[in-house]
Structure formats: structure tokens, C-alpha cells
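# Fold and contact review
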Amino acid sequence: MTRGRRAGVAMEDLSAALAAGLGLAAPNSPAAPHPRLAAYKARGGPGQAERRQRLLRLQRERRLDYVNHARRLAEDDWAGMESEGEDEDGEDAEEEEMDVDAGKKLPKRYANQLMLSEWLVDVPLDLEQEWVVVVCPVGKRALVVASRGTTAAYTKSGFCVNRFPSLLPGGNWHNSTSEKVYCILDCIYNEAKQTYYILDVMCWRGHPVYDCQTDFRFFWLFSKIQEEEGLGEKSRINPFKFVALQNFPCSSDSLCKVLAMDFPFEVDGLLFYHKQTHYTPGSTPLVGWLRPYMVPEILGLTVPATVLTAKPDYAGRQLQQIIESKKSKKLAAEKGHPSSVAAARNGHYELEHLSTPQPANSPEGRDEVVSQMEN
């Protein structure tokens, strides 16, 4: 096995393990926060809150060329991009191994194009007013580009894993009447359902909406999807279903109802979107991620006892691991350790580097890890 292939396999394993539910685990009482976790969370939260405000400020001030960016993705046309200064080559190589900072220039080609979340560590004070939640199915994150009579699905790393016709505008030769008709979507592919669940829209019929707020993008997505007949059904010209995921308010009543709902797919977790955030490639604190069982103690809600809120077997062990790791990282940060300062600044919380314990020699546990959403 080559060195590059070994590295690729290792990264895939790491992504799968992280997505399998790393985060703040539930306490013994599902109706109240764990005292130790709640006490530590309050001390560690402001960093994430401050970065949210900084990014909201930054997106109002910057002017990125999203029109040409969407066109390059649709046409696979990167002419002129390679002529940038050689001093950026090392920086680009590093970006291939980690998420792109939302404040930097737009990424090249198809890698790092998706907007990724952080663990919801610091609960926003305006959660009910300024955030919405999306219930996500188990699956793989995919960048879907429909253009010039074909539809392509790319991984987060930029690999094209499938190419097929679809009823998305520009996705097959019958509805691709112009090179200007193309779509770019953020999806979760569920192999069992043969379905691409649409999380977000970046471009529709050649109109980029990267720099539009979340609530508008979600409204635009739902209204446009309804106009495309047959998109949610399998057919010869549309071999995979495309289904838009619904978003819900983040009020206490709404979240309780969501956690008690039955969904037509296996639920992986919850993505919390700030209503004002633009679609920015890379990891951002303006999109938070929680497993359903974490909601009671992280958000301080009393939720109904349902399949979604049931605490997994590894939750207790994971909680102890997280608390110990947070304490050690906090001490290092107080001493000014460079790596801890950089991690806090970039949003790469220590939670993202922890492993989720699975029952020993459990095939089910291993299969579950591999199947979770790459988040």
C-alpha cells in the first residue's frame, strides 16, 4: 500500500470515528446538566461566542467573488488560478489537510468546499431567536455539482465518487439548455435509501447564494425544489432521489417536538445554523453539531424519553474522557502553550480529537462508526 493511500485510509478512519458521536456526553440524569460538565462549559465558552461575532462582522465586510467561484465549480475551469504566487503553495498544501478558515480566500478546485460545523460547546444566548436546527440522517457529506448535462458528487477531500444524470437543473442533457444553468448543493448521501438529502444550497440555475443568509438560502432551496417535478423519485433519468431536509425553530417547545418525531431515515445528529451566516467553506462556529442525546444537558432542556434521546452505552466513558481532556487543555492554555492557543483560535476544539469508545469486538459498533456523517 502506497504512502498516499495509507494516509487517505487513515484520514477516512479518523473522519468516521469523529463523526460517530464525539462530543459532550449525557449525564446520569437526562433532565439536567451534569454538574462537572456544566461548570467547565461555562468557563470555556466565551472563545466560541467571540469567534461567532467576529465571523458575522467579517462576512459583512468582505467581498468574495462567488459568481466566478460557482462558475469554476460548475465548469471545472481553474485557468489562471495556478498563476498565483509560489508563496501560497505551502499554505494550500496545509489547507488540504485541514478545514479552510472562513476568513481566508475561497478554496481551489473541489476540496474543502463544504461548510463544516463545530461541536456546540458554548450555547448561544440568542439560540431561540437567531438559530434554526436541521435533523441529519446517517450518511456521507457530499458536494453535488449539476452542470453541462451531468451530475457529479465529490467528497469533502475533493474526490469525485459518482457521476450520473439527475433532474437537477443542468444535471442531464435534456434540461441542460445552457452552460449558465447549473446547481451546487451541500448534501448527505444515504446509501441505504439511495438518496441525497440536501442540507444547503450554494447555487441554483446559475445564481450563487453563498453570500445570502441561512434563512433565505433554506427558503430558496425549498421553493426551488418544489418546482422540479420528479426530483424526489428514482427513475432512469434520476437514479438517486434528492430530498431537501427540513429546518425547525430552536425554541424549547420546538426542539422537544423534533426529538419526539419519527423520521424516514436513521438520525445521526442535529446541525444548528445561525440565521445570519453566509455559506462559507470550512469549519465555522456559526454551525453547531450535537448528537440528539446531548441536547438535555448541553441546552438544559427537559426532553421526552425517545429513541433519539436515549443515551448510548459509551456516553458515560466518553464524558469522563472529555472532562479530563478539557482540564488538561485548559491548564496548557493558561500556561500559554502555543498549540492550545492556536487550537482555540482556529476552533479546533479538543473534543474533535477524542475517540468514541465502542464495545470491544463489536461488529455493530465498527459498522456504526463507518456509516456516520462526515462532519
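Residues numbered from 1 in each chain as written. Predicted model: local features only at pLDDT ≥ 70, side-chain atom pairs only at ≥ 80, totals over all residues. Heavy atoms only, no water.

### Considering the sheet that holds strand S2 (residues 131-137)
With mixed pairing, the five strands of this open sheet are ordered in space as S1-S12-S11-S2-S10. The open sheet is flanked by strand S1 (115-119) and strand S10 (247-249), the only strands paired with a single partner. This sheet shows a mean twist of 45 degrees between the axes of neighbouring strands, independent of strand direction. Inspection of the sheet shows S1 paired to strand S12 (residues 282-290) by four bridges, in the parallel sense. Residue pairing for S12: Glu118 is matched across the bridge by Gly288. Against the sheet, helix H8 (residues 252-259) touches S2, S10 and strand S11 (267-274), its axis set at about 140 degrees to S10. (Pairing = 2+ DSSP bridges. Helix = DSSP H or I, 4+ residues; strand = E, 2+ residues; numbered from the N terminus. Axes fitted to C-alpha atoms, helices over the stretch in contact; angles between N-to-C directions. Contact = heavy atoms within 4.5 Å.)

### Digging into the pattern of salt bridges
One side chain can pair with another of opposite charge once the charged atoms of both are near each other. Considering all chains together, one arrives at seven salt bridges under this definition. Asp186 is paired through a salt bridge with Arg141; the nearest N and O atoms lie 2.8 Å apart. On the criterion of sequence distance, the pair formed by Asp186 in strand S6 (residues 182-190) and Arg141 in strand S3 (residues 140-147) is long-range, its members being 45 residues apart. Overall, the relative accessible area of 0% leaves Asp186 in the buried class. (Salt bridge = Lys/Arg side-chain N within 4 Å of Asp/Glu carboxyl O. Buried < 20%, exposed > 50% of the residue type's maximum accessible area, 1.4 Å probe, protein only.)

### Concerning unusual backbone geometry
Residues other than glycine seldom take positive phi values, yet Asn112 does so here, at roughly 60 degrees. With respect to the helices, strands and loops of the structure, Asn112 is situated in the loop between helix H5 (89-95) and S1. A positive phi angle, close to 50 degrees, is found at Arg148, a residue other than glycine. Relative to the elements of secondary structure, Arg148 occurs in the loop between S3 and strand S4 (150-154).

### Focus: the packing of aromatic side chains
For the structure shown, the criterion picks out 13 aromatic pairs. Taken together, a centroid distance of 5.1 Å and an interplanar angle of 65 degrees make the contact between Tyr197 and Phe265 edge-to-face. With Tyr197 in strand S7 (residues 195-204) and Phe265 in the loop between H8 and S11, the pair connects residues that are 68 residues apart, well separated along the chain. A relative accessible area of 6% places Tyr197 in the buried class. Pairwise contacts between aromatic rings join Phe164, Tyr189, Tyr196, Phe240 and Phe242 into one cluster. (Phe/Tyr/Trp six-rings, centres within 6.5 Å; stacked < 30°, edge-to-face > 60°.)

### With respect to the side chain of Asn190
Here Asn190 is to be found in strand S6. Look at Asn190 and you get buried, because its relative accessible area is 8%. Within the local environment of Asn190, its side chain forms a polar contact with the backbone nitrogen of Lys193, the two atoms lying 2.9 Å apart. Setting aside chain neighbours within four positions, we find Asn190 in contact with Val138, Thr195 and Tyr197. (Polar contact = N/O pair within 3.5 Å; in protein donor to acceptor, adjacent residues only side chain to side chain.)

### Details of the environment of Pro249
Of note, Pro249 is situated in strand S10. On the basis of relative accessible area, Pro249 is assigned to the partly exposed category, the value being 48%. Put simply, Pro249 and Trp131 are 118 residues apart on the chain and 7.0 Å apart in space, counted from C-alpha to C-alpha. For Pro249, the residues in contact, after removing those within four places along its chain, are Val133, Ser254 and Leu255.

### Some words on the pairing of S2
For S2, a buried count of seven out of seven residues is recorded, marking the element as mostly surrounded by other parts of the structure. Of the two faces of S2, the one carrying Trp131, Val133, Val135 and Pro137 and the one carrying Val132, Val134 and Cys136 are both buried. Looking at chain direction, S2 and S11 are connected through seven bridges and run antiparallel. Paired with Val135 across the two strands is Leu270, which belongs to S11.

### Overview of the environment of Arg60
Residue placement: Arg60 occurs in helix H3 (residues 46-61). The sequence separation of Arg60 and Asp211 amounts to 151 residues, and the corresponding C-alpha distance is 9.2 Å.

### Some points on helix H7 (residues 214-225)
One turn of an α-helix holds 3.6 residues; hence residues three or four places apart share an orientation. With twelve residues, H7 ought to run about 16 Å at 1.5 Å a step, and its terminal C-alpha atoms sit 16 Å apart, in line with that. In this structure, the buried residues of H7 make contact with S1, S2, S7, strand S9 (241-244), S10 and S11. (Expected span 1.5 Å × (residues − 1).)

### Structural notes on the confidence of the model for the protein chain
A low pLDDT means the predicted coordinates there should not be read in detail. Residue-level pLDDT values for the protein chain average 74, and 63% of them are 70 or greater. Counting contacts from residues 84-103, a segment whose pLDDT is below 50, to residues more than four positions away or on other chains yields 30 contacts. Below a pLDDT of 50 lies the segment residues 339-375, which in the model reaches 92 contacts outside its immediate sequence neighbourhood of four places, other chains included. (pLDDT = per-residue confidence, 0-100.)

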